[in-house]
Amino acid sequence: QVQLVESGGGLVQAGGSLRLSCRVSGRAFQYVRAWFRQAPGEEREFVAAISWGGGSTVYADSVKGRFTISRDNAKNMVYLQMNSLKAEDTAVYYCAQRALSLTGTTTTRGDYAYWGQGTQVTVSS
């Protein structure tokens, strides 16, 4: 059983920074991990993904240059460093893991089988 638990969300002023963490338990080795987010009344959207080895990353255009995804496989953790936050970054952020191991990064929500419960990020303008 795979479990993902996010932490690190909160309230921050525009221009500030937050670091989200996601702890993974269960089948956690050699899987692509990603962050998605969902604002009220909106669809859940892709934010960033990282390959199982950490050498390949992909970002949504809206966060490129401001957010950085990383992982520590020894600790079964994945992180999202968010800088220069904007009001439009306000959302619930979800950590996700792909269903199949040794596969590539993908921005498609349906390719991710395991999800955390989410952590709220609120950016005040």
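This text follows the structure it describes.
Fair warning: this is a prediction, and the values are worked out from it, not measured in the lab.

Procedures and definitions
- Residues numbered from 1 in each chain as written.
- Predicted model: local features only at pLDDT ≥ 70, side-chain atom pairs only at ≥ 80, totals over all residues.
- Heavy atoms only, no water.
- Helix = DSSP H or I, 4+ residues; strand = E, 2+ residues; numbered from the N terminus.
- Buried < 20%, exposed > 50% of the residue type's maximum accessible area, 1.4 Å probe, protein only.
- Disulfide = S-S within 2.5 Å.
- Salt bridge = Lys/Arg side-chain N within 4 Å of Asp/Glu carboxyl O.

Undergrad: Which residues make up the environment of V92, and what are the values?
TA: Locating V92 in the fold gives a position in strand β9 (residues 91-98). Residues V92 and F46, 46 residues apart in the sequence, show an inter-C-alpha distance of 12 Å.

Undergrad: Residues and numbers for unusual backbone geometry, please.
TA: In this structure, N76 is a non-glycine residue whose phi angle is positive, near 55 degrees. Within the element layout of this structure, N76 appears in the loop between β7 (67-72) and β8 (77-82). A positive phi angle is found at S84, which is not glycine, with a value near 50 degrees. Mapped onto the fold, S84 is located in the loop between β8 and β9. Residue S84 is classed as partly exposed on the basis of its relative accessible area, which comes to 41%.

Undergrad: So what's going on with the state of the cysteines? Which residues, and what values?
TA: All chains considered together, the criterion is met by one disulfide. What pairs with C22 in a disulfide is C95, and their sulfur atoms sit 2.2 Å apart. For the disulfide bridge between C22 and C95, the dihedral angle about the S-S bond is near -85 degrees, and by the sign convention the bridge is left-handed. Pair noted here: C22 is in strand β3 (residues 18-25) and C95 is in strand β9, with a separation of 73 residues, a long-range link. Taking relative accessible area as the criterion, C22 reaches 0% and is therefore assigned buried.

Undergrad: Any details on the pattern of salt bridges? Residues and values, ideally.
TA: Summed over the entire model, instances satisfying the criterion amount to four salt bridges. Residue R66 is joined to D89 by a salt bridge in which the shortest nitrogen-to-oxygen separation is 2.8 Å. Placement of the pair is R66 in the loop between β6 (57-59) and β7 and D89 in the loop between β8 and β9, with a sequence separation of 23 residues. What makes R66 buried here is its relative accessible area of 10%. Using a relative accessible area of 0% as the deciding quantity, one classes D89 as buried.

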